[in-house]
Amino acid sequence: MHNAWEAPRGSRASLDYGILPAKMIKAWATDQANLSDCYQTGRVTAVSADEMGRARKSEMMHRVEEALTTRSSFSSDEIKYRLGEVEEHLEDPGLLRNFEYFDVPSSDFMLQFYFAVWDRRIAEVMGYLHNYGKDLHGISRKVPQNDVWYQMSFFEGMNINERKKSRDIVEFVRTHHIERATSFGGGNIPERLHGLPVSMPLTVFDDGPVSPLEELFPDPAYRHMVNYIHEPLSQAPFHRELLGSQQLVWMYGVSMYLDEANQHQMTGAILCGAALLKLGGYMKYDYLLWNESIRRVIKTQNWPYDPNHPMVIFDSVDAAIKQGRATVAAVNQQLSGRSHMEILDPQITIVEPWGCTSVRFTLRKYLG
């Protein structure tokens, strides 16, 4: 079996969603991550070190070049730049295996995803996990179901984890009748793709590159309801108009970049959220858990992060919950009885066959 399209098909009912058996994609994730890890630690050689590797890479480069020259609106200079980028990355045998198995050149969205990852355009990257991204003409649209990205994404653990989190926010807003909310590190607000109410005033703190509001919210009436503040979330308490006004603050996909052990950054983030909340308001955030899906994301996809500040990812549910309780205790100590944050039941996200992918916390603000 050379690629995903040759994978054994399941029942006819499953063909509407994909043809990649879940156990098979997990095996391939492990294979790719192991190869990339061995390459990065010097235990296996680069792809071009032997004749067979050079031939495989040359064939893949030819297909990528064909895709960019026939299907994209890229300038000649950008095509040249992207081809050089792909050529460098494909020295990793795990990534070459990924390109071969998922037939990456066949998919505009696969290619654009990798370009966004390597450019560190995280807000855009996250959209692909929700099956929404840019084709090679730069047009943002929903990924077609017959595209290999959609096939892969249906089973990929981290993609499913992100979709579950966004749906969690949408359901929470609806069931708790939330009328005013803030997102910390909200990026391109993937929740909008899952039915976030268009009538709710929304504030977003994000100091990274995000798409234009006209692209995210084409309806001018709703665009008027969204206030993007291009500052770090730590600046939220300095916006006096927001203090004590929000019913919900959520911070999904951010905790892994916050160093609680050395700098108490999670404590600080929750304190910022508490400052914005009304009494009785809620704050939601998540902790990421190690599994083969996230290992492939980091090892093979070269997920952008600062090696001097490793991402905070927990080895177990128990470790994540223990840290969550300790951090909230530190928050309440700093609140000094003026108010306090109480943990409601933590929710564990389970995605088979990957296992546990994240722990989601919901806090509520009370007086004293």
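This section reports on the structure supplied with the text. (Residues numbered from 1 in each chain as written. Predicted model: local features only at pLDDT ≥ 70, side-chain atom pairs only at ≥ 80, totals over all residues. Heavy atoms only, no water.)

Structural notes on the overall build of the protein
Okay, step 1: From N to C terminus, the protein includes 14 helices and 11 strands.
Okay, step 2: The C-alpha radius of gyration computed for the protein amounts to 22 Å, which stays within 12% of the reference 21 Å derived for 368 residues, consistent with globular compactness.
Okay, step 3: Counting every position in the protein, which comprises 368 residues, the buried fraction comes to 53%.
Okay, step 4: Within the protein, contacts between residues separated by at least 24 positions form 69% of all contacts whose residues are at least 6 apart in sequence.
Okay, step 5: Counting only carbon and sulfur atoms, one obtains 52% of the accessible surface of the protein, whose full area is about 16800 Å².
Okay, step 6: Across the protein, 38 positive and 46 negative side-chain charges occur, with their mean positions spaced 5 Å apart. (Helix = DSSP H or I, 4+ residues; strand = E, 2+ residues; numbered from the N terminus. Rg over C-alpha atoms; globule rule 2.2 N^0.38 Å. Buried < 20%, exposed > 50% of the residue type's maximum accessible area, 1.4 Å probe, protein only. Contact = heavy atoms within 4.5 Å. Areas by Shrake-Rupley, 256 points an atom, 1.4 Å probe, with all protein chains shown as cover. Lys, Arg positive; Asp, Glu negative; His and termini not counted. Charge placed at Lys NZ, Arg CZ, Asp CG, Glu CD.)

Some thoughts on the nonpolar core
One recurring pattern in soluble globular proteins is that nonpolar side chains are buried together.
Okay, step 1: Ranked by size, the top nonpolar core spans 52 residues in total, and within it Phe99 and Trp149 carry the most contacts.
Okay, step 2: Per element, the largest residue contribution to this core is 9 residues, and it comes from helix α5 (residues 108–119).
Okay, step 3: Apart from the residues within four sequence positions on either side, Phe99 is in contact with Met60, Val64, Val86, Leu90, Val104, Pro105, Tyr114 and Trp118.
Okay, step 4: Listed in part, the 34 residues of the second largest apolar core include Ile270, Ala274, Leu276 and Met283. (Core = buried A, V, L, I, M, F, W, Y, C linked by side-chain atoms within 4.5 Å.)

Structural notes on the side chain of Glu260
Okay, step 1: With respect to the element layout, Glu260 can be found in helix α11 (residues 260–263).
Okay, step 2: It turns out Glu260 is buried and unbridged, and the closest side chain with the opposite charge, Lys322, is 14 Å from it.
Okay, step 3: Of the polar contacts made by the side chain of Glu260, one reaches the side chain of Thr267; its length is 2.6 Å.
Okay, step 4: What Glu260 contacts, discounting residues up to four positions off in sequence, is Gln265, Met266, Thr267, Gln323 and Thr327. (Salt bridge = Lys/Arg side-chain N within 4 Å of Asp/Glu carboxyl O. Polar contact = N/O pair within 3.5 Å; in protein donor to acceptor, adjacent residues only side chain to side chain.)

Here we look at the packing of helix α2 (residues 51–71) against helix α3 (residues 76–89)
Two measures define how a pair of helices packs: the angle their axes make with one another and the distance between the axes.
Okay, step 1: The geometry of α2 relative to α3 is characterised by a closest axis approach of 10 Å and an angle of 155° between their N-to-C directions. On the basis of their axis angle, the class for α2 and α3 is roughly antiparallel. Crossing handedness for the pair α2 and α3: right-handed. Contacts from Lys57, Met61, Val64, Glu65, Leu68 and Thr69 of α2 reach α3 at Ile79, Arg82, Leu83, Val86 and Glu87. (Axes fitted to C-alpha atoms, helices over the stretch in contact; angles between N-to-C directions. Parallel < 35°, antiparallel > 145°, perpendicular 65-115°, else oblique. Left-handed = near helix turned anticlockwise from the far one by under 90°.)

Topic: the pattern of salt bridges
Okay, step 1: This model, assessed by the stated rule, comprises 19 salt bridges.
Okay, step 2: Note that Glu100 and Arg56 form a salt bridge whose closest N and O atoms lie 2.8 Å from each other. In this pair, Glu100 sits in helix α4 (residues 93–101) while Arg56 sits in helix α2, placing the two residues 44 residues apart along the sequence.
Okay, step 3: Arg56 sits in the partly exposed class, given a relative accessible area of 27%.
Okay, step 4: Here Arg71 and Asp108 are joined by a salt bridge, their closest N and O atoms 2.9 Å apart. A residue pair is termed long-range when its members are at least 10 positions apart, and Arg71 in helix α2 and Asp108 in helix α5 qualify at 37 residues.
Okay, step 5: Residue classification places Arg71 among the partly exposed residues on the basis of a relative accessible area of 28%.
Okay, step 6: Looking at Asp108, the relative accessible area reads 11%, which means it is buried.
Okay, step 7: Connected via shared salt-bridge partners are Arg82, Glu85, Asp119, Arg121, Glu124 and Lys134.

Description of unusual backbone geometry
Okay, step 1: For the bond running from Glu352 to Pro353, omega is 5°, close enough to zero to count as cis.
Okay, step 2: Among the secondary structure elements, Pro353 is positioned in the loop between β10 (347–351) and β11 (355–367).
Okay, step 3: Even without a glycine there, the phi angle at Asp103 is positive, about 50°.
Okay, step 4: Along the chain, Asp103 turns up in the loop between α4 and α5.

A look at the environment of Lys57
Okay, step 1: The topology assignment puts Lys57 in helix α2.
Okay, step 2: With 170 residues separating them along the chain, Lys57 and Asn227 place their C-alpha atoms 46 Å apart.
Okay, step 3: What Lys57 contacts, discounting residues up to four positions off in sequence, is Val47, Ser48, Glu87, Leu90, Glu91 and Leu96.
Okay, step 4: Polar contacts involving the side chain of Lys57 include one to the main-chain carbonyl oxygen of Glu87, which spans 2.8 Å.

Quick notes on α4
Okay, step 1: Most of α4 sits inside the fold, with 7 of its 9 residues counted as buried.
Okay, step 2: Measuring from the backbone nitrogen of Gly94 back to the side-chain oxygen at the start of α4 gives 2.8 Å, which picks out Asp92 as the cap.
Okay, step 3: Positioned one or two residues after α4, Asp103 has a phi angle of 50°, which is positive.

Structural notes on the pairing of β11
Okay, step 1: Pairing between strand β7 (residues 277–289) and β11: 7 bridges, direction antiparallel. Across the sheet, residue Lys284 finds its bridge partner in β11, namely Thr362.
Okay, step 2: Note: strand β9 (residues 339–343) against β11, 5 bridges, orientation antiparallel. Each bridged residue has a counterpart across the sheet, and for His340 the counterpart in β11 is Tyr366.
Okay, step 3: Note: β10 against β11, 5 bridges, orientation antiparallel. Note on β11: the bridge partner recorded for Ile350 is Cys356.
Okay, step 4: Where β10 folds back onto β11 in an antiparallel hairpin, the turn is made up of 3 residues. (Pairing = 2+ DSSP bridges.)

Focus on the packing of aromatic side chains
Okay, step 1: Within this structure, the stated rule accounts for 18 aromatic pairs.
Okay, step 2: Between Trp28 and Tyr101 the ring centres are 4.1 Å apart and the planes differ by 10°, which places this aromatic pair in the stacked class. Here Trp28 is found in helix α1 (residues 22–40), whereas its partner Tyr101 is found in helix α4, with 73 residues between them in sequence.
Okay, step 3: We classify Trp28 as buried; its relative accessible area is 14%.
Okay, step 4: Given the relative accessible area of 1%, Tyr101 is considered buried. (Phe/Tyr/Trp six-rings, centres within 6.5 Å; stacked < 30°, edge-to-face > 60°.)

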